[in-house]
Amino acid sequence: MNREQRRSVQKKTGLSADQIKTVEKVMQGTPLKAETIPEGAHVKLKTDRLFGMKDFASMQTKWRKFVQEHQDTVFTVEYDPKFGDTPSLVQFVEDPNEIKFLWHISDLEVVT
């Protein structure tokens, strides 16, 4: 993503440049065009994918702990209005953190 694209994302989402760079780093190798997950759908984390990330150990301790503690937890998808009606980044209703973690839909598995 070039500087112009990064600035466009900043204006649309309110994320800082550092936050965007972190998302880019995490998303390396992730397809840019993915299906959406409907708001209210029940999902689980794809822990094999997350644990297999080459920089998993360098991620925030709070985030790593969340992933490790919620390997089998079923979450309810919630949209953040700043990402529009068909976002590829979602959050969980059940996330207890004051500032909720954002999850790319490719890291989630829909459960029925």
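Look above for the structure.
Residues numbered from 1 in each chain as written. Predicted model: local features only at pLDDT ≥ 70, side-chain atom pairs only at ≥ 80, totals over all residues. Heavy atoms only, no water.

(A) Looking closely at the side chain of Asp107. Turning to its location among the elements, Asp107 is positioned in the loop between strand 4 (103-104) and strand 5 (108-110). Asp107 sits in the buried class, given a relative accessible area of 6%. Side chain to side chain, Asp107 and Arg49 meet in a polar contact 2.4 Å long. When neighbours within four sequence positions are excluded, Asp107 is seen to be in contact with Lys44, Leu45, Lys46, Arg49 and Leu50. (Helix = DSSP H or I, 4+ residues; strand = E, 2+ residues; numbered from the N terminus. Buried < 20%, exposed > 50% of the residue type's maximum accessible area, 1.4 Å probe, protein only. Polar contact = N/O pair within 3.5 Å; in protein donor to acceptor, adjacent residues only side chain to side chain. Contact = heavy atoms within 4.5 Å.)

(B) Region of the structure containing the pairing of strand 1 (residues 42-45). Side-chain alternation along strand 1 places Val43 and Leu45 on a buried face and His42 and Lys44 on a face that remains uncovered. When strand 1 meets strand 2 (residues 75-78), the two strands line up antiparallel, connected through two bridges. Paired with Val43 across the two strands is Phe75, which belongs to strand 2. Sheet analysis places strand 1 next to strand 5, joined by three bridges and oriented antiparallel. Pairing of Leu45 across the sheet is with Leu108, part of strand 5. (Pairing = 2+ DSSP bridges.)

(C) Representation of the sheet that holds strand 4. Spatially, the five strands line up as an open sheet ordered 4-3-2-1-5, and their pairing is antiparallel. Strand pairing shows two members of the sheet lacking a second neighbour, strand 4 and strand 5, which therefore form its edges.

Geometric values such as these leave the question of function open.
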